[in-house]
Amino acid sequence: MPPNSNLLEESSFVNSSSESVVTPTKTVASTSNTVASSGGGSYSVSSSNIKTSELRKPKVTERRTFSYRIQSRESSKPSLDCESIPLVGRENEVSMLKACFTRITVEAPEKKQKELVLIEGQSGTGKSSVAVTLEDEVSKLANGAFVKGKFDMNASGEPYSGISKAFGSLCQKMKGVPPQVLSAVQAVISEQLGSEVDLLVHLIPEMKDLIPDSSNEPTVVDIGEDEVESKLERLRFAFRVLTRAFSSAFSPLIIFLDDLQWADVSSLQVLDFLISDTQNEHAIMFIGCYRSEEVDENSLLHNKMVGLREMSSRYKFHLTEIAVGNFGIDGIEQVIEALLPTSNRDAANGLAAICLKRTLGNPFFVLEFLKMLHQEGLLEYDAASNTWDWNLGKIDEATMSTANVVDMLQNRIANLPHQVQALLQCAAYLGSSFSESTIDLVWSAFGRRLVESRIERTSALLNVIVVEEIMEICGDNQFKWVHDKLQEAALSLTGKRRESFQLDIGRTLYYGLDKQRVEDELFTIVDLINNGNILKLPEFAVANLRAAEKARDLASFQSASSYIAHGISLLGDDKWSATRSVTLKLYTMGAEMEVMLGNVDASNRYSNEVLQQKDLTIMEKLPLKMAKAMTIGSTDLKFDQSVKYYMRLLDKLGCRVAWTRKLVPVQAIMKLMRVIKRVKATPQSFYDKMVPIEDPRQKAIASVFSKLVYYAYMAGDMLLLVLGTSTLVEMTLDHGLNEYSAKSFSSLGSAIIISSEDYETAAKFNVIALNMLKKFRGMHKSETTFLIYGPVLSWVKPYHELIPPMREAITEGLRSGDTEYAIWNLISSKVLIKFVMGKPIGPILNECSDTLLQCEDAAQTLTANIVQMFWQMMKNLHDPSSSNPAELEGDIFSASKDEGTNNVHLANISFAQGELALFNGDYETAARRALKIGDEFGKLMPAFLLNMVEVFHRAVPLYAAARMTRKRKYRVEAKRLLKKIGKWAKGGNANVQYYFLFLTAEQLALDKKYDLAQQKYEQAVEAATAARHLHHMGLINERYADFLLEIRSASEDSKERLMRAIQCYKRWGSARKVTELESRL
């Protein structure tokens, strides 16, 4: 590479006996911390940037081309100490920011409302300076924390760069908290994230030191595949858990994200995740700064801000937007007054006018302009009066040619020694901050190609750069640019050689750093290589593949897609023969990423490229064939075609399924019976010794069968579902465990209940599944738990025993990315089960709002609708002012306007309407409805935990209507339901025992067996009271009161029972029912 003609002049250093520290062009005064230039100017070395003692003594050479002289203590020309002047002209902006801070710390911290502040303005207007004013406020508090993450102009495609820096700083701050606080945070992270901690470690290397080594803990074998679809949900949960843990240790927690205009889409998603986390109950504020001139209607950040504005009220965070503009003449005068005290007000006003004309009032440019005047000797210091003076005419004439301050910054850098310039150009490509070891590697390998002379030590050159206030030390051997504009000015000096600079620096890092450092800096390195790889060197296709895999694992699908496209562009024409493995991985992952991004056409192009290769095996093509089948089913909604495609896949895998549509009913029943017999005959010791299958082909077959079962369900083919599920159970028995084993056992348990109501056998299947979940990870625990406790064990265990495992499965589902079933467990444990148990309505209503938010946050429309149905239903029961309390209508949900067609959706509407008909309507109307709908709910949602109470609540009004009207149709249907519940009770169902007692009492009353009826009423009341199911305690006492009055003519006893019913309904929270019964006293 030919040397840069601008960098040919040799530079060297000289030691002077009178100097304690020698640096190029300037001398650092050990007494006054000022640097004098050969041109007569002087500069302040701010103690916040670098201390004199920290400057390293550079290597001494014989040649001397420049040197700095130390100023004496009596120097009459001080530097311009820009760092020491206060923040001026930003009083309004700071006041707005502090008002947000006050809201979460003083006014109403108990409201748990988060703050989001977005600060906009042009580059150099002081947005960051406004934001960091809160750092001082936080430092005054006992346990607050302020951390900053900055996005980089050269790494806008690097996933999570600013997020990673902010959370890395938090990890460092955790080292200073009390031991008990640290232990509590570590416990929360370890308990809730488990192995998902590794996901965060890839993003935040500092996490390694925060979380204790778990190598000695009992090993749980993970047999599940890492599904791409779950990665974003896993990351969402991981970041939320981490933020909750940190904000519990630091109160308040302020996270400042600078230069959001350069943030990648994944980072903006994380900001969305964190600000919308309604489960975080701690004081937390996010501040984001962005350049207004770089954000338009088509930018990622603009679209994200539109979304944030819309969601602020729903997700309980306060959004404040602050605009920071340029200074007017008054602001510039304040700067001059603070920096250049003078007795000549006219001169100050005149200088402010020139500054405004040359800089347009941009605060950063104003300071740089004043520095330039100082360097050029246009500002004169009077030591006697400690004031400054200047000649306005000279300044105006000397700066007439200053086109803009960017040029001025470039000129400032161009006046530095040439080796310093060269190092700055190298450093400009390393980002907004970097370590000394990294720039030293680049300079050692690359610097000698930029200058003809022997290169000087990196440390010596960095000293000059720090003294010149172009960079500052920000940590242990870490450096950062003082301002983005200085980095941009250094970048501009590379001119047409920008591409070659990036390629050479990227290659130097790729081959020069150790393996772990390359992994940590992979995105930065590959971006440098890609930006400069104009020759399309194929050796870096593998590097792009590695970057794509890392981005995919971090759920940054857009970045992964970009790396894949670049990697493919580097492959040669003979890629399928010369680099088969790399090519296959790139195309396969490309198809997956485009599907995740919703780019179906692009995904098909990648897929077709692979599927057209005739020499690839079925196992090599399988991921893309599976993806194609999913597209047919999930995107095109052609469930039957998807099922047929999976059947053909099984055939190609050598697993021919001998079935025909006409014979499926017989095949399904026969296989189910055969599997049941085999499972029952197999001793528990066999299951205890089972190990995961190793054969990749068998794993693939199990995966295809699992998808076949899902799409058979979506197509409404329940018999094919049973056939496929039975086959999966058989595969487990024949070949060993796969990730679908527990789910297939629990699903078959549900099928057994639906087909034969054999609860004992179904429970055995589910016990086997539960044991599998305890021993192995990655077996769809959240889904399996729901299938075990929702449709199966709810028929043999009391309702309250279902809640703890379902709550545990919420966390497991969110952690593993199984959001759908995490939310099903959520609404079941927080709303549905509590309602059927007759828990007080008020607290459940309070849960509904937060539960609905979590459903919507997870984009689970079906469960969100179910919550809305139950919310409206309970509101109608609870609120006496409801205009139409017996109908499922209101401001939360309207059945008459609903357009849902899903079976589960329709079933839950039917359930909610039945509850309102029973408790808010009259019994005869409810009985007519019961006759009309029949077993509709059970057909739509067979075996679900709501079935029992739904049947019971249909039977109650039927018996009431039969007694009132003596109509046979009510009596016949009521008796049928009694027999159904009686069968469940005799089968050991703990939840229906008092249902059966009560309905038996009603039947005996109809049969005029009054003494026996009264005994059963008493037993039913006692059993319901023991279960503490308030709604049924009220209902049974109410019906018992009617029996005592109508049949026994015992008015006093009836009144007592009615009063008990009223008390139970009051405790339950059914205001309308209370009003109705009180009118009968």
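Residues numbered from 1 in each chain as written. Predicted model: local features only at pLDDT ≥ 70, side-chain atom pairs only at ≥ 80, totals over all residues. Heavy atoms only, no water.

Below, the discussion takes up the overall build of the chain. In terms of helices and strands, the chain carries 50 helices and 15 strands. Looking at the chain residue by residue over its 1081 residues, the buried ones come to 57%. Taking the intrachain contacts of the chain between residues at least 6 apart in sequence as the baseline, contacts between residues at least 24 apart amount to 73%. With the model as given, the accessible surface of the chain reaches about 45,100 Å², and the carbon-plus-sulfur share is 49%. (Helix = DSSP H or I, 4+ residues; strand = E, 2+ residues; numbered from the N terminus. Buried < 20%, exposed > 50% of the residue type's maximum accessible area, 1.4 Å probe, protein only. Contact = heavy atoms within 4.5 Å. Areas by Shrake-Rupley, 256 points an atom, 1.4 Å probe, with all protein chains shown as cover.)

With the rule as written, the count across this model stands at 58 salt bridges. For Lys 231, the salt bridge goes to Asp 553, with nearest N and O atoms at 3.4 Å. Within this pair, whereas Lys 231 is found in helix α8 (residues 231-249), its partner Asp 553 is found in helix α23 (residues 541-553), the two being separated by 322 residues in sequence. On the basis of relative accessible area, Asp 553 is assigned to the partly exposed category, the value being 29%. Residues Arg 358 and Asp 396 are paired through a salt bridge, measuring 2.8 Å at the closest nitrogen-oxygen approach. With Arg 358 in helix α12 (residues 345-359) and Asp 396 in helix α14 (residues 392-398), this residue pair connects regions lying 38 residues apart in the sequence. On the accessibility criterion, Arg 358 (12% relative accessible area) is buried. Salt bridges sharing common partners tie together Arg 963, Glu 1002, Glu 1038, Arg 1039, Asp 1042, Glu 1046, Lys 1073, Glu 1076 and Arg 1080. (Salt bridge = Lys/Arg side-chain N within 4 Å of Asp/Glu carboxyl O.)

Within a sheet, adjacent strands bond to each other through the backbone by hydrogen bonds, running parallel or antiparallel. The strand order across the open sheet formed by three strands is β12-β14-β13, and the pairing between neighbours is antiparallel. One side of each edge strand has no neighbouring strand; the edge strands of this open sheet are β12 (433-435) and β13 (471-475). When strand polarity is set aside, the average angle formed by the axes of neighbouring strands in this sheet is 35 degrees. Bridge count for β12 against strand β14 (residues 478-481) is three bridges, and the pairing is antiparallel. Considered in β14, the bridge of Ser 435 is made with Gln 478. Against the sheet, helix α17 (residues 436-446) contacts β12 and β14, and its axis sits at roughly 80 degrees relative to β12. (Pairing = 2+ DSSP bridges. Axes fitted to C-alpha atoms, helices over the stretch in contact; angles between N-to-C directions.)

The next subject is the side chain of Asn 766. Within the fold, Asn 766 resides in helix α35 (residues 759-775). A polar atom in the side chain of Asn 766 sits 2.8 Å from the backbone oxygen of Ala 762. Residues contacting Asn 766, with those up to four places away along its chain left out, are Ser 746, Gly 749, Leu 787, Ile 788, Val 792 and Leu 793. (Polar contact = N/O pair within 3.5 Å; in protein donor to acceptor, adjacent residues only side chain to side chain.)

Its 15 residues place the ends of helix α5 (residues 179-193) 21 Å apart at the C-alpha level, agreeing with the 21 Å of an ideal helix rising 1.5 Å per residue. Within α5 the residues assigned to the buried category are Val 185, Gln 186, Ile 189 and Leu 193. Along the axis of α5, the buried positions cluster into a sector of 100 degrees, meaning they face one direction only. Of the exposed residues in α5, those oriented more than 90 degrees away from the buried face are Pro 179, Gln 180 and Glu 191. Remark: Gly 194 follows α5 within two positions and exhibits a positive phi of approximately 55 degrees. (Expected span 1.5 Å × (residues − 1). Arc of directions from axis to C-beta.)

The contact between α23 and helix α26 (residues 580-596) brings their axes to 11 Å, and the two run at 35 degrees. Both α23 and α26 take part in a crossing whose hand is left-handed. Residues Val 542, Leu 545, Ala 548, Glu 549 and Arg 552 of α23 lie in contact with α26, whose contacting residues are Val 582, Lys 585, Leu 586, Met 589, Glu 592 and Met 593. Its residues placed into classes, the contact of α23 with α26 shows seven nonpolar, no polar and four charged. (Left-handed = near helix turned anticlockwise from the far one by under 90°. Nonpolar A, V, L, I, M, F, W, Y, C, P; charged D, E, K, R; others polar.)

On to a nonpolar patch on the surface. A cluster of nonpolar side chains, namely Tyr 710, Tyr 713, Met 714 and Met 718, defines an oily patch on the protein surface of about 380 Å² accessible area. Here the element with the most residues in the nonpolar patch is helix α32 (residues 696-714); it accounts for three residues. Counting through the fold element by element, Met 718 comes out in helix α33 (residues 718-735). Overall, the relative accessible area of 40% leaves Met 718 in the partly exposed class. (Patch = residues over 30% accessible without salt bridge, like charges linked within 9 Å, V, L, I, M, F, W, Y side chains within 5 Å.)

Counting residues in each nonpolar core, the largest one holds 163 residues, and the members touching the most others are Phe 745, Phe 870 and Met 874. Considering each element in turn, this core owes the most residues, 11 residues, to helix α44 (residues 947-965). Leaving out residues up to four positions away in the same chain, Phe 870 has contacts with Val 831, Leu 832, Phe 835, Asn 908, Phe 911 and Leu 946. Listed in part, the 139 residues of the second largest apolar core include Leu 424, Ala 428, Tyr 563 and Leu 584. (Core = buried A, V, L, I, M, F, W, Y, C linked by side-chain atoms within 4.5 Å.)

Bringing unusual backbone geometry into the picture now. Cis peptide bonds are those with omega within 30 degrees of zero, and the linkage from Ser 251 to Pro 252 qualifies with 0 degrees. Here Pro 252 is to be found in the loop between α8 and β7 (253-258). Look at Ala 555: it is not a glycine, yet its phi comes out positive at around 65 degrees. Mapped onto the elements of the fold, Ala 555 is located in the loop between α23 and α24 (557-569). According to the relative accessible area criterion, Ala 555 is buried, its value standing at 2%.

Together, Lys 628, Lys 644, Arg 648 and Lys 652 make up a positively charged patch on the protein surface. Ranked by residues supplied to the positive patch, first place goes to helix α29 (residues 639-652) with three residues. Locating Lys 652 in the fold gives a position in helix α29. (Lys, Arg positive; Asp, Glu negative; His and termini not counted. Charge placed at Lys NZ, Arg CZ, Asp CG, Glu CD.)

All right, on to the packing of aromatic side chains then. Counting across every chain of the model gives 42 aromatic pairs. Judged by centre distance (5.2 Å) and plane angle (50 degrees), the rings of Tyr 381 and Trp 388 are tilted. We classify Trp 388 as buried; its relative accessible area is 5%. Considering the side-chain rings of Tyr 1017 and Phe 1043, the 4.9 Å spacing of their centres and the 45 degrees angle between planes classify their relative orientation as tilted. Taken together, the residues Tyr 1017 in helix α47 (residues 1010-1027) and Phe 1043 in helix α48 (residues 1030-1046) connect sequence positions 26 residues apart. For Tyr 1017, a relative accessible area of 0% translates into the label buried. Aromatic ring contacts, followed pair by pair, group Phe 952, Tyr 994, Tyr 995, Phe 998, Tyr 1010, Tyr 1017, Tyr 1040 and Phe 1043 into a single cluster. (Phe/Tyr/Trp six-rings, centres within 6.5 Å; stacked < 30°, edge-to-face > 60°.)

Here the focus is the sheet that holds β7. Across the sheet, which stays open at both edges, the five strands sit in the order β5-β7-β8-β4-β9 with parallel pairing between neighbours. With one partner strand each, in any of the chains shown, β5 (145-150) and β9 (317-323) form the two edges of the open sheet. Averaged over all pairs of adjacent strands, the angle between strand axes in this sheet comes to 15 degrees, irrespective of strand direction. Bridge count for strand β4 (residues 114-121) against strand β8 (residues 284-291) is seven bridges, and the pairing is parallel. Counterpart to Leu 116 in the pairing with β8 is Phe 286. Sheet contacts for helix α1 (residues 91-107): β4, β7, β8 and β9; angle to β9, the most-contacted strand, approximately 170 degrees.

A word on the environment of Met 311. Within the fold, Met 311 resides in helix α10 (residues 300-311). Taking the C-alpha atoms as reference points, Met 311 and Ser 276, 35 residues apart in sequence, are found 8.1 Å from one another.

Within a regular strand, side chains alternate between the sheet's two faces. Sheet topology places strand β10 (residues 379-382) next to strand β11 (residues 387-390); four bridges connect them, and they run antiparallel. Paired with Leu 379 across the strands is Trp 390, a residue of β11. Linking β10 to β11, which pair antiparallel, is a turn of four residues; within it Asn 386 sits at a positive phi near 55 degrees.

For the rest of this paragraph, the subject is α44. Compared with an ideal rise of 1.5 Å per residue, which puts 19 residues at 27 Å, α44 spans 27 Å between its outermost C-alpha atoms and is within 8% of the ideal. The buried count for α44 comes to 17 of 19 residues, which makes it a mostly enclosed element. In the stretch just after α44, Arg 966 is the one whose phi turns positive, near 60 degrees.

Parts of the model with low pLDDT should not have their predicted coordinates read in detail. Across the chain, the average pLDDT comes to 85, with 90% of residues at or above 70. Considering only residues more than four positions removed or in separate chains, one finds that residues 214-219, a stretch of pLDDT under 50, has zero contacts. (pLDDT = per-residue confidence, 0-100.)

Another point: the side chain of Gln 860. Among the structural elements, Gln 860 can be located in the loop between α39 (841-857) and α40 (861-878). Excluding its chain neighbours within four sequence positions, the residues that come into contact with Gln 860 are Thr 819, Glu 820, Ile 823 and Cys 855.

On to the environment of Asp 330. Take Asp 330: it is sitting in helix α11 (residues 329-339). Linking Asp 330 and Asn 349, residues 19 residues apart in sequence, is a C-alpha distance of 9.0 Å.

This next bit is on the packing of helix α37 (residues 803-816) against helix α38 (residues 819-836). Relative to each other, α37 and α38 sit at 150 degrees, their axes nearing to 8 Å. With respect to α38, the element α37 is oriented roughly antiparallel. As α37 runs across α38, the sense of the crossing is left-handed. Residues Ile 803, Met 806, Arg 807, Ala 809, Ile 810, Gly 813 and Leu 814 of α37 form the contact with α38, whose own contacting residues are Thr 819, Ala 822, Asn 825, Leu 826, Ser 828, Ser 829, Ile 833 and Lys 834. The class makeup of the residues in the contact of α37 with α38 is eight nonpolar, five polar and two charged. (Parallel < 35°, antiparallel > 145°, perpendicular 65-115°, else oblique.)

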